[in-house]
Amino acid sequence: METRSDEARVLVIYTGGTIGMLVSSRGYVPEPYFLTDTLRSQKRFHDPLQDSLFSNAASVEGYREWSYSGKSTPISLDNDTTPAQARASNEPTLLVRSCRPIGNTGTLSPSIFSQIQNVIEKTECRNVADGVYETRLPSLVTPRSVVPGHGHTKRIRYAILEWNPLLDSSNMEMDDWIRIATEIELNYTSFDAFVVLHGTDTMSYTSSALSFLLEDLGKTVILTGAQIPLSQLRNDAVDNLLGALSIAGNYTIPECSLYFNHILYRGNRVSKASSYDLNAFHSPNFPPLVNVGIDIVVNWNDVLRQTSLRRFRACKGKQMSPHVATLRLFPGMTGATARAFLAPPTRGIVLETFGAGNASQRPDILAAFKDACDRGIVIIAISQCVKGSVSGDYETGRTLIQAGVVPGGDMTPECALTKLSYLLAKPKLTATEVRSLISLPLRGELTLPVPSLPAAPSLDDVNTDLSGLLSQFVRLSSSPRKTDIPQIVIGEEVQDAAAPWSRTAAEHASTEAALLPFLVHLAVAQDDVEGLEFCLSSGATASCSGVTEGMAEIVVRGGIVNCLDAGSGRSPLHVASFKGNMRCVEKLLESGALVHLRDGLGHTALYYAARQGHAGIVDTLVSAGANLGEMENETGYVGLAVQNAIHAGNEAVVEIWRRAGVKRGD
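Residues numbered from 1 in each chain as written. Predicted model: local features only at pLDDT ≥ 70, side-chain atom pairs only at ≥ 80, totals over all residues. Heavy atoms only, no water.

### Thoughts on the overall build of the chain
Phase 1 of the analysis: On a plain count of helices and strands, the chain comes out with 23 helices and 22 strands.
Phase 2 of the analysis: Burial status across the chain gives 48% buried among its 666 residues.
Phase 3 of the analysis: Partitioning the intrachain contacts of the chain with sequence separation of at least 6 by distance along the chain shows that 74% fall at a separation of at least 24.
Phase 4 of the analysis: Accessible surface computed for the chain: about 31600 Å², of which carbon and sulfur atoms make up 53%. (Helix = DSSP H or I, 4+ residues; strand = E, 2+ residues; numbered from the N terminus. Buried < 20%, exposed > 50% of the residue type's maximum accessible area, 1.4 Å probe, protein only. Contact = heavy atoms within 4.5 Å. Areas by Shrake-Rupley, 256 points an atom, 1.4 Å probe, with all protein chains shown as cover.)

What follows is the structure, given as structure tokens:
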């Protein structure tokens, strides 16, 4: 198939849920392939010929040309050709892997969706390894739209991997969490991002579990669903799915998140708050990652950055401990009740306490908790309150800590339970080590207590910071000065003659946000680690300082470490990898540079490092999780480079491409 650098590839893993259900005599029920067929019929979700209003309404002239061309009128098909056949006949396909057979429709009866069943069935599903199946699924592609923050347009090509049978989220189990994580791992190198369609009732449990199972994640993973099915005229399914696809296709937010009602939340910070409202989820202890309104506003300062320099994997061993439970304290609870709940095979308990971590001081209850902790059972204390955290401010809370109960901070019940299950499933961790990890934020799931807030910077401090920034900018952008050229020196009395204008902190932040991207690219291009460190520290300081009340915080899109050049779309990591500047590559990776970003031509930093023959940088990027994307392989760039090296007898170059992930047979 023809591939384009202006397309993002997203895999949609459809597990079930209200979003794809139909009304029956038994209430809402899932219907196989209904969702895929419906999305294919709607131009906002599938516009392969770019002949829809959405693709031609960027200007009045474009709309008029489209309208007068007759494309706005439905085209009649031959009597012998069904709409499904006509649409499916020329659809590009994407290679998809799963831990279960794909497209198994043996349990389905003939229906109006037989055509889409034929599309799936005509492609062979192969068992390529133990527990690994692959096939090519028809792809869908969205209309072209302007990329937020850039002038160019982009389309999102996606395939839908549908589970059989589809699950109501009430039937979701721990093995299903592991299955989702495994399917993301199997398709990780082939897609830019992942969207998981899921029922709303237990979605926050799944998003929390996946946040831990997906270790060293470097790509966007979004869970979404709907309160009202897509089959209904008035629904929230369209906005939720289209919003999730748009964010997944246009932004690299390397964490597991949940998108609902125009807001993207961190997946392990959210709970379902309403079974009735379209605003069904809330995150009381952590701000949204993205707010979608007229503009898409990403709160980059709150987005996790991968700094571990390890390759992505879905939890070694792929296990979750089922021997965990949640116990909610209530007035009058007895020690006998607690002991019954803590009996074997229980290994971990999430204890929902009163207020800020308080519990009854009945001796029998405290003794039950202490005995359990002494036996190696891990007990986490969280608050029954929707908002807030546990603390040791009260005597009734300190007695729990003295008994061995671990404070869980401001974790949600869903997050605390899945984190406990994740840690207890690791055989090498002792109960003591699990307790210590419970209180540490592994995936941004809890807020560490802050002793005191830093004082707001004075205007003199801000002026000093800006002066240092300008000095670095002049140093890096100027060519070496010749000593024999006369220099004009401005004396202090002249400088004092015109007093400098006053600036607000917001104006200073705006100036820094404009200068820092240019400066960091200059520093990286010149392999100036000192200048790069200055930029990174300045960016961190600016991110923490904020601006005056009533104004939005000004930050560099993606963070200064991932800022893109406006012309080429390259990140600092692209430039350092192309230039062969190893010191800058290492510093950028340590600071959270994203290895999966693609530039305006669709290339990753790994591609440029391999093409330029920088073997050391190739090894460093690969160890940090980088891989050559499917587009780089399918467009022929990689294959041509390897073939040229083979014909020239240059084994060193062939070896570099092999280390980048290219197999000789490819």
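### Concerning the nonpolar core
Phase 1 of the analysis: Among the nonpolar cores identified, the biggest contains 93 residues, and L39, Y158, I184, I253 and L420 are the most heavily contacted of them.
Phase 2 of the analysis: Sequence-distant contacts of Y158, defined by excluding residues within four places in its chain, comprise V10, V12, L39, F45, L94, P138, S139, L140, V141, T142 and L245.
Phase 3 of the analysis: Core analysis: the next-biggest nonpolar cluster, separate from the first, contains 40 residues, V520, A523, L621 and A626 among them. (Core = buried A, V, L, I, M, F, W, Y, C linked by side-chain atoms within 4.5 Å.)

### Quick word on helix α5 (residues 174–186)
Phase 1 of the analysis: An ideal rise of 1.5 Å per residue puts 18 Å on 13 residues; α5 measures up with 19 Å between its terminal C-alpha atoms.
Phase 2 of the analysis: Looking at α5, one finds that the buried residues are D176, W177, I178, R179, I180, A181, T182, E183 and I184. (Expected span 1.5 Å × (residues − 1).)

### Some points on the sheet that holds strand β20 (residues 348–353)
Phase 1 of the analysis: If you walk across this open sheet you meet the four strands as β19-β20-β21-β22, and the pairing is parallel. Looking at the sheet topology across the chains shown, the edges are occupied by β19 (324–328) and β22 (406–407).
Phase 2 of the analysis: Where β20 and strand β21 (residues 378–383) come together, six bridges link them in parallel fashion. Bridged to E352 within β21 is I382.
Phase 3 of the analysis: Sheet strands in contact with helix α11 (residues 413–424) are β19, β20 and β21, and its direction is about 160 degrees off that of β20. (Pairing = 2+ DSSP bridges. Axes fitted to C-alpha atoms, helices over the stretch in contact; angles between N-to-C directions.)

### Focus on the pairing of strand β9 (residues 193–197)
Phase 1 of the analysis: Burial runs high along β9: five of the five residues are buried.
Phase 2 of the analysis: Residue alternation in β9 divides its side chains into two sets, A193, V195 and L197 and F194 and V196, and both sets are buried.
Phase 3 of the analysis: In this structure, strand β1 (residues 7–14) lies alongside β9, joined through five bridges in parallel fashion. When the bridges of β9 are listed, Y14 appears paired with L197.
Phase 4 of the analysis: Relative to strand β11 (residues 220–224), β9 runs parallel, the two sharing five bridges.

### Let's talk about the pattern of salt bridges
Where charged atoms of side chains with opposite charge meet at close range, the side chains can pair.
Phase 1 of the analysis: Enumeration over the complete set of coordinates arrives at 23 salt bridges.
Phase 2 of the analysis: Between R179 and E183 there is a salt bridge, and its shortest N-O distance comes to 3.5 Å. Taken together, the residues span about one helical turn, with R179 and E183 both in helix α5 at a distance of four residues.
Phase 3 of the analysis: When its relative accessible area of 9% is taken as the criterion, R179 is described as buried.
Phase 4 of the analysis: Residue classification places E183 among the buried positions, given a relative accessible area of 0%.
Phase 5 of the analysis: For the salt bridge of R266 with E255, the shortest nitrogen-to-oxygen distance reads 2.7 Å. Of the two residues, R266 sits in strand β13 (residues 263–266) while E255 sits in the loop between α7 (237–250) and β12 (256–260), which places them eleven residues apart along the sequence.
Phase 6 of the analysis: Owing to a relative accessible area of 4%, E255 belongs among the buried residues under this scheme.
Phase 7 of the analysis: In this structure, a network of salt bridges that share partners links the residues E7, R155 and R157. (Salt bridge = Lys/Arg side-chain N within 4 Å of Asp/Glu carboxyl O.)

### Observations concerning the pairing of strand β4 (residues 93–98)
Phase 1 of the analysis: Residues L94, V96 and S98 of β4 are buried on one face, while the alternating residues T93, L95 and R97, pointing to the opposite face, are not.
Phase 2 of the analysis: Bridge count for β4 against strand β6 (residues 132–141) is six bridges, and the pairing is antiparallel. Bridge assignment links V96 to a residue of β6, and that residue is T135.

### Quick word on the environment of L289
Phase 1 of the analysis: Within the secondary structure layout, L289 lies in the loop between β15 (281–282) and β16 (290–292).
Phase 2 of the analysis: The class for L289 is buried, based on a relative accessible area of 0%.
Phase 3 of the analysis: In the structure, L289 is positioned 26 residues away from I263 in sequence and 7.7 Å away in space, judged by C-alpha atoms.

### What about helix α20 (residues 615–623)?
Phase 1 of the analysis: Looking only at α20, the buried set comprises I617, V618, T620, L621 and V622.
Phase 2 of the analysis: Buried residues along α20 sit against α17 (572–579), α18 (582–590), α19 (605–611) and α23 (651–659).
Phase 3 of the analysis: G625 sits one or two positions beyond α20 and adopts a positive phi of about 105 degrees.

### Let's talk about the packing of aromatic side chains
Phase 1 of the analysis: Overall, the coordinates contain nine aromatic pairs when judged by the stated rule.
Phase 2 of the analysis: Between Y188 and F194 the ring centres are 6.4 Å apart and the planes differ by 10 degrees, which places this aromatic pair in the stacked class. F194 carries the same exposure label as Y188, and that label is buried.
Phase 3 of the analysis: For the ring pair F260 and F281, a centre distance of 5.1 Å and an interplane angle of 65 degrees mean the geometry is edge-to-face. Of this pair, F260 sits in strand β12 while F281 is found in strand β15, placing the two residues 21 residues apart along the sequence. Comparing F260 with F281 shows no difference in burial state: the two are buried.
Phase 4 of the analysis: Taken together, the ring pairs in this structure connect Y188, F191, F194 and F312 into an aromatic cluster.
Phase 5 of the analysis: The ring of F578 carries R570 above its face, with NZ or CZ at 5.6 Å from the centroid.
Phase 6 of the analysis: Directly above the aromatic system of Y608 lies the positively charged group of R570, at a separation of 4.6 Å from the ring centroid. (Phe/Tyr/Trp six-rings, centres within 6.5 Å; stacked < 30°, edge-to-face > 60°. Lys NZ or Arg CZ within 6 Å of the ring centre and 35° of its normal.)

### What to know about the environment of T346
Phase 1 of the analysis: Tracing the chain through its elements places T346 in the loop between α8 (335–341) and β20.
Phase 2 of the analysis: It is 9.4 Å that separates the C-alpha atoms of T346 and V378, two residues lying 32 residues apart in sequence.
Phase 3 of the analysis: Not counting residues within four places of it along the chain, the set of residues in contact with T346 comprises H323, F341 and I377.
Phase 4 of the analysis: Among the polar contacts made by the side chain of T346, one reaches the main-chain carbonyl oxygen of F341 at a distance of 3.5 Å.
Phase 5 of the analysis: Within the structure, T346 has its side chain in polar contact with the backbone oxygen of A343 (distance 3.1 Å). (Polar contact = N/O pair within 3.5 Å; in protein donor to acceptor, adjacent residues only side chain to side chain.)

### Section: the confidence of the model for the chain
Phase 1 of the analysis: For the chain, per-residue confidence averages 82 on the pLDDT scale, and residues scoring 70 or more make up 79% of the total.
Phase 2 of the analysis: The low-confidence segment residues 76–88 (pLDDT under 50) makes eleven contacts with residues lying over four places distant or belonging to another chain.
Phase 3 of the analysis: Note on residues 105–113: pLDDT under 50 across the span, and 15 contacts to partners over four residues away in sequence or across chains. (pLDDT = per-residue confidence, 0-100.)

### Here's the deal with the state of the cysteines
Phase 1 of the analysis: Evaluated as defined, the whole model comprises zero disulfides.
Phase 2 of the analysis: Counting only cysteine sulfurs, C535 is the nearest neighbor of C563, a cysteine outside any disulfide, at a range of 8.3 Å.
Phase 3 of the analysis: Residue classification places C563 among the buried residues on the basis of a relative accessible area of 2%. (Disulfide = S-S within 2.5 Å.)

### Here we look at the environment of G592
Phase 1 of the analysis: The topology assignment puts G592 in the loop between α18 and α19.
Phase 2 of the analysis: Taking the relative accessible area as the measure of exposure, G592 reaches 0% and is therefore buried.
Phase 3 of the analysis: Remark: the alpha-carbon pair of G592 and V561, spanning 31 residues in sequence, is separated by 6.9 Å.
Phase 4 of the analysis: Those residues in contact with G592 that lie beyond four places of it in its chain are R305, Q306, T307, V561 and N562.

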